[in-house]
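Secondary and tertiary structure notes
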Amino acid sequence: MSAISRTVRIGSSHGLHARPAKLFTQAAKAAGSPVTISKGSGQPVNAASILSVIALGVEYGDYVTLSTEGAGAEATLDTLSELLTTDHDEA
């Protein structure tokens, strides 16, 4: 089975800092199959690793690409994409 990818724009007004990164990495861990995230043309990192995700330095409006494979891959990308496009910094 081949990997599928999706590119999304970051919606949190302060980017992927600790709180939204934690929500995202927890969901990636729960996916049941490996998920990677990359910023621009950079190298993909493990989406379940909070340190790797924060180290990407993702800011509001940046585009990231998610990749995964296996059963439920589309649903996994749907869930993770929604987390990334939502502004978790709204008061």
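Here the structure is shown first, and the text comes after it.
Residues numbered from 1 in each chain as written. Predicted model: local features only at pLDDT ≥ 70, side-chain atom pairs only at ≥ 80, totals over all residues. Heavy atoms only, no water.

Along its length, the protein carries three helices and four strands. In the protein, the succession of helices and strands from N to C terminus is β-α-β-β-α-β-α. A compact globule built from 91 residues would reach a C-alpha radius of gyration of about 12 Å, and the protein, at 12 Å, matches this within 12%. By principal-axis analysis of the C-alpha atoms, the protein measures approximately 40 × 25 × 20 Å. Looking at the protein as a whole, 37% of its 91 residues are labelled buried. Pairs at least 24 apart in sequence give 72% of the contacts found in the protein among residues at least 6 apart. Looking at the protein as shown, the accessible area adds up to about 5,000 Å², and 54% of this sits on carbon and sulfur atoms. The distance from the centre of the 6 positive side-chain charges to the centre of the 9 negative ones in the protein is 6 Å. (Helix = DSSP H or I, 4+ residues; strand = E, 2+ residues; numbered from the N terminus. Rg over C-alpha atoms; globule rule 2.2 N^0.38 Å. Buried < 20%, exposed > 50% of the residue type's maximum accessible area, 1.4 Å probe, protein only. Contact = heavy atoms within 4.5 Å. Areas by Shrake-Rupley, 256 points an atom, 1.4 Å probe, with all protein chains shown as cover. Lys, Arg positive; Asp, Glu negative; His and termini not counted. Charge placed at Lys NZ, Arg CZ, Asp CG, Glu CD.)

With that settled, the discussion passes to the packing of helix 1 (residues 18-30) against helix 3 (residues 73-85). Where helix 1 contacts helix 3, the two axes come as close as 10 Å, and the packing angle between them is 180°. Classified by the angle between their axes, helix 1 and helix 3 sit roughly antiparallel to one another. For the pair helix 1 and helix 3, contact is made by Leu23, Phe24, Ala27 and Ala28 and by Leu80, Leu83 and Leu84, respectively. Taken together, the residues of the contact of helix 1 with helix 3 break down into seven nonpolar, no polar and no charged. (Axes fitted to C-alpha atoms, helices over the stretch in contact; angles between N-to-C directions. Parallel < 35°, antiparallel > 145°, perpendicular 65-115°, else oblique. Nonpolar A, V, L, I, M, F, W, Y, C, P; charged D, E, K, R; others polar.)

On to the nonpolar core. Counting 19 residues, the largest nonpolar core has Leu16, Phe24, Ile37, Val64, Leu66 and Leu84 as its most contacted members. At the level of secondary structure, the elements contributing two or more residues to this core comprise helix 1, strand 2 (35-39), strand 4 (63-68) and helix 3. Contacts of leucine 84, omitting those with residues within four sequence positions, involve Val8, Arg9, Ile10, Gly11, Ser12, Leu16, Phe24, Ile37, Val64 and Leu66. (Core = buried A, V, L, I, M, F, W, Y, C linked by side-chain atoms within 4.5 Å.)

Okay, helix 3 next. Over its 13 residues, helix 3 extends 18 Å from the first C-alpha to the last, a length consistent with the 18 Å expected when each residue adds 1.5 Å. Within the sequence span of helix 3, burial applies to Ala73, Thr76, Leu77, Leu80, Ser81 and Leu84. Viewed end-on, helix 3 has its buried residues packed into an arc of 125°, placing them on one side of the element. Buried positions along helix 3 lie against strand 1 (4-9), helix 1, strand 2 and strand 4. (Expected span 1.5 Å × (residues − 1). Arc of directions from axis to C-beta.)

Keep in mind that these numbers describe shape and distance, not what the molecule does.
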